[in-house]
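Structure at a glance
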Amino acid sequence: MRLALALASLRQHRARTVLAVLGVAVAAAMLLDMVMLSSGLRESFRELLTSRGFQLRLSPRGTLPFDTEATIADATGIVDTLRMNADVTAVSPVLGGQIHVPRGDGAVTAFALGVHPAVQGDYELLSGRDALAADAMVVNDDFLRATGAHVGDTLVVAGGYNPQLRTFTGERRLVISGRARFLYLSSGQNAAALPLATLQGMTGHANDDGVSLFMVRVRDGGNVEGVRRWIAAHVPRVEAISIAEAMARVDERLSYFRQLSFILGAVSLVVGFLLVTTLVTVSVNERVGEIAVMRAIGVSRAHVVQQILLEGTVISLGGAMLGLGLGVVTARYLNTILSRFPGLPAAIDFFLFQPRAVWASLAMLVAAGILAGIYPSARAAALPLARTLREEAVA
Amino acid sequence: MTALLSARNLRRDYLLEGEAVHAVRDVSLEIAPGDYVAIVGPSGCGKSSLLNLLGGIDRPDAGEVAIRGQRLAGLGDRELTRFRLHNIGFVFQRFYLMPVLTARENVELPMAEAGVPPAVRRARAAELLAYVGLAGRARHRPPQLSGGEQQRVAIARALANRPALVLADEPTGELDARTGAEIIALFERLNADGTTLVVVTHDEELARAARRVIHMRDGAIVHHEVLRARA
Ligand SMILES: Nc1ncnc2c1ncn2[C@@H]1O[C@H](COP(=O)(O)OP(=O)(O)O)[C@@H](O)[C@H]1O
Ligand SMILES: [Mg+2]
């Protein structure tokens, strides 16, 4: 009967209830987006880092992977050293650089990765064959579009280009053997992957056998931290960072995001709370006579309080349901806008949909809805019966 | 015979703008089972204040009310609410039904609060509505009913938990003469069927329907009048 009364009271003022529910829905959508934003980037980075199963990344001491143009010389020697550790199951050396495809008066420039295709962790082959031959390369769709080439075509590709003089250096004829999606690149960036030795030869690293980083896979159940320390001792020229450490650095850089989303989320929660409090308070004020009569004829204080709390809860629950749907839709929309954010891998999501985030937002909203009913229900419970009946009879 | 309700030396003062208003002064009275008492007097003489004390809606500054031997002063707030639910039916000048509930649901409300199972309370609500002559209006909401009809629903609601005593404060106060007369007839029938009634009124006709009339002035009882002996 209390639920029936609560629902009936809300139905009585349908327009008002609908507006309040919509208001709460907007606040809920905002809250959900902020909860998704606060953990989305982080989770999405983690997924990206763990997706290929390489737990350690080695970069020139004092730098982060690809942060600088610094390289590590004698890659083959380092790979041999790393293989000596029984816990290391794969080592993938990677050289980052640029390649240029002469087109018209100028050149199409692409980001290039020199890898050992058998152990690489940077791209997923979509069609065709991997770049196993010395003169093969796999490229992404942006590259194909920019050069007008197709899989199977042979291109002249240069490792160096001087735009003033329009001269090319380190030229090779390479066959496009396949199409690939590059995990760590931002969208719209032309990219190609070719055998490490080929790219080294084109970019002047043939003699020093230089690479930008290594990715190291530790066997399942192996001690990642132990391997990291072993590498620090045996290959002092590199800095080994684990995913946990990388995440800590990412966290550090993302702390602004988290603070921002925390504050905006809290603001939307407060807005929802105030909205429900206002509505329920107004509704209680309109009904003081009815409430006093209920109390007079023997309805307990607890039941009056429950009924009013229920009204607030129903509004916030209704608004939350609607708002969570709205939040998911807006998050998806914002994600597509932000995925074009320059310098970030396209695979990174700002708003990551996690059921936990939805439950957390729902719980916070319902809690706020219940709290919102506390003031008006306390007022209703404290009504002086005789005086209220008298004042209402006169009014 | 033991009284159903006994009030001794009741006093109720209000503080109004720093001045004490003596709304009820030293009132004692007894009401026997099956009685029908009207309380009359000029406006502001303390009738409503007295009725609220008798029904446990308000607490006296001095004196004591006992109903069925239970001293109301001995009950805490929660117990007093429970006591009102089971023992006293209230009818107010304004009908004060829940506008969002149907007539039947309004009558069911006190039974639901008392924990009566839905099927039982639905049947009893239908019975009570038939008793007050509203058998066909069970599904209507208060705004769809006339003043007299609303007051009948309120009377049916007051009877829901088979109270020992029904207290009514100006039950015809907002009704026209003809509708008022119907309510008066209903009260007479109620009393004839065994309900103990205390009615505050300044409706002459309603007062004359009672067995006893208590005249009040300035918060005190000034005259007892017996119109009819109890059957
Ligand atoms: N809650 C209250 N606060 C202050 N004064 C009150 C209150 N209730 C009643 N009074 C005063 O007590 C007196 C009796 O009021 P009431 O019992 O309502 O009289 P009646 O019902 O006979 O018209 C009046 O003077 C009224 O102004
Ligand atoms: Mg009065």
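In what follows, the structure referred to is the one given above.
So, here's what we can say about the structure. (Residues numbered from 1 in each chain as written. Chains lettered and ligands numbered in written order. Predicted model: local features only at pLDDT ≥ 70, side-chain atom pairs only at ≥ 80, totals over all residues. Heavy atoms only, no water.)

**Description of the nonpolar core**
- With 96 residues, the main nonpolar core has Leu5(B), Leu10(B), Leu29(B) and Leu50(B) as its most contacted residues.
- With 14 residues, helix α2 (residues 14-50) of chain A is the largest single contributor of residues to this core.
- The residues touching Leu50(B), leaving out its near neighbours within four places in the chain, are Leu10(B), Val24(B), Val27(B), Leu29(B), Ile39(B) and Met216(B).
- If you look at the next biggest cluster of nonpolar residues, it comprises 38 residues, including Val88(A), Val216(A), Val227(A) and Val238(A). (Core = buried A, V, L, I, M, F, W, Y, C linked by side-chain atoms within 4.5 Å. Buried < 20%, exposed > 50% of the residue type's maximum accessible area, 1.4 Å probe, protein only. Helix = DSSP H or I, 4+ residues; strand = E, 2+ residues; numbered from the N terminus. Contact = heavy atoms within 4.5 Å.)

**So, empty space enclosed by the protein**
- The full count for this structure, using the stated rule, is three cavities of 30 Å³ or more.
- Estimates place the volume of the largest cavity at around 70 Å³.
- Lining the largest cavity are Ile297(A), Arg84(B), Leu85(B), Ile88(B), Gly89(B), Phe90(B), Pro110(B), Arg157(B), Ala158(B) and Asn161(B).
- For the lining of the largest cavity, the secondary structure elements donating two or more residues are α2 (77-87), β6 (88-91) and α5 (147-159) of chain B.
- Residue contributions to the lining of the largest cavity peak at three residues, all from β6(B).
- Partitioning the lining of the largest cavity into residue classes produces six nonpolar, two polar and two charged.
- Around the second largest cavity sit Ser9(A), Leu10(A), His13(A), Arg16(A), Thr17(A), Leu279(A), Val280(A), Ser283(A), Glu311(A) and Ile315(A), which together line it.
- Looking at the lining of the second largest cavity, the elements with two or more residues in it are α1 (2-12), α2, α7 (243-286) and α9 (301-338) of chain A.
- A per-element tally of the lining of the second largest cavity places α7(A) first, with three residues. (1 Å grid on protein atoms, 1.4 Å probe; cavity = no way out; pocket = protein on both sides within 12 Å on 5 of 7 lines; lining within 4 Å. Points joined across faces, edges and corners; volume = space filled by probe spheres on them. Nonpolar A, V, L, I, M, F, W, Y, C, P; charged D, E, K, R; others polar.)

**Notes on the pairing of strand β6 (residues 154-162) of chain A**
Residue and element names in this part refer to chain A.
- One ladder, built from eight bridges, connects β6 with strand β7 (residues 167-182); its direction is antiparallel. When the bridges of β7 are listed, Val156 appears paired with Arg173.
- Counting the residues between successive antiparallel strands, the hairpin from β6 to β7 contains four residues, one of them, Arg166, with a positive phi of roughly 50 degrees. (Pairing = 2+ DSSP bridges.)

**Some points on the interface of chain B and chain A**
- Contact residues are listed per partner, giving 24 residues for chain B and 24 residues for chain A.
- With both sides pooled, the region where chain B packs onto chain A buries about 2,200 Å², and carbon together with sulfur makes up 65% of that total.
- Together, Tyr96(B), Val100(B) and Glu113(B) form the three largest contributors to the area buried by chain B at its contact with chain A, with a combined 27%.
- Seen at the junction of chain B and chain A, the total is two salt bridges.
- Between Arg301(A) and Asp77(B) there is a salt bridge whose closest N-O contact spans 2.8 Å.
- Across the contact surface, chain B and chain A share seven residue pairs in polar contact (both at pLDDT 80 or more).
- Elements that contribute at least two residues to the side of chain B that touches chain A include exactly α2 and α3 (103-113) of chain B.
- In terms of residue count, α3(B) provides more of the side of chain B that touches chain A than any other element does, six residues in total. (Buried area = accessible area lost by both parts, 1.4 Å probe. Salt bridge = Lys/Arg side-chain N within 4 Å of Asp/Glu carboxyl O. Polar contact = N/O pair within 3.5 Å; in protein donor to acceptor, adjacent residues only side chain to side chain.)

**A look at the site of ligand 1**
- Arg390(A), Gly44(B), Lys47(B), Ser48(B) and Ser49(B) are the nearest of the 14 residues found near ligand 1.
- Within the side chain of Arg390(A), a nitrogen or oxygen atom sits 2.5 Å from an oxygen atom of ligand 1.
- Cys45(B) places a polar main-chain atom, nitrogen or oxygen, 3.3 Å from an oxygen atom of ligand 1.
- With the chains in place, 80% of the 550 Å² that ligand 1 exposes on its own is no longer accessible.
- At the level of elements, α11 (385-394) of chain A together with β1 (5-16), β2 (19-31) and α1 (47-54) of chain B are the ones that each hand at least two residues to the shell around ligand 1.
- Classifying every residue of the shell around ligand 1 by side-chain character gives six nonpolar, five polar and three charged. (Near = heavy atom within 4 Å. Areas by Shrake-Rupley, 256 points an atom, 1.4 Å probe, with all protein chains shown as cover.)

**Brief notes about the packing of aromatic side chains**
- In this structure the tally under the stated criterion is five aromatic pairs over all chains.
- On the basis of an interplanar angle of 15 degrees and a centroid distance of 4.7 Å, the ring pair of Tyr161(A) and Phe168(A) is categorised as stacked.
- Grouped by ring-pair contacts, the aromatic residues Phe90(B), Phe92(B) and Tyr96(B) constitute a single cluster.
- In this structure, Arg217(A) packs its charged tip against the face of Phe54(A), placed 4.4 Å from the ring centre. (Phe/Tyr/Trp six-rings, centres within 6.5 Å; stacked < 30°, edge-to-face > 60°. Lys NZ or Arg CZ within 6 Å of the ring centre and 35° of its normal.)

**With respect to the pairing of strand β9 (residues 213-218) of chain A**
All names here are of chain A.
- Counting buried residues in β9 gives five out of six residues, a clear majority hidden from the surface.
- In this sheet, β9 lies alongside strand β2 (residues 88-103) in antiparallel orientation, the contact comprising six bridges. Paired with Val88 across the two strands is Val218, which belongs to β9.

**Quick notes on α5(B)**
- Taking 1.5 Å of rise per residue, 13 residues should cover 18 Å, and α5(B) covers 19 Å from first to last C-alpha, within 8% of that figure.
- By the criterion of burial, α5(B) is predominantly enclosed, with 12 of the 13 residues buried.
- Those residues of α5(B) that are buried lie in contact with α8 (288-296) of chain A together with β6, α3, α4 (118-131), β7 (165-169) and α6 (177-192) of chain B. (Expected span 1.5 Å × (residues − 1).)

**A word on the side chain of Arg12(B)**
Residue and element names in this part refer to chain B.
- Assignment of secondary structure puts Arg12 in strand β1.
- Here Arg59 takes part through its backbone oxygen, which lies 3.5 Å from a polar atom of the side chain of Arg12.
- Excluding anything up to four places from it in sequence, Arg12 contacts Val21, His22, Ala23, Val24, Leu53, Asp58, Arg59, Pro60 and Asp61.

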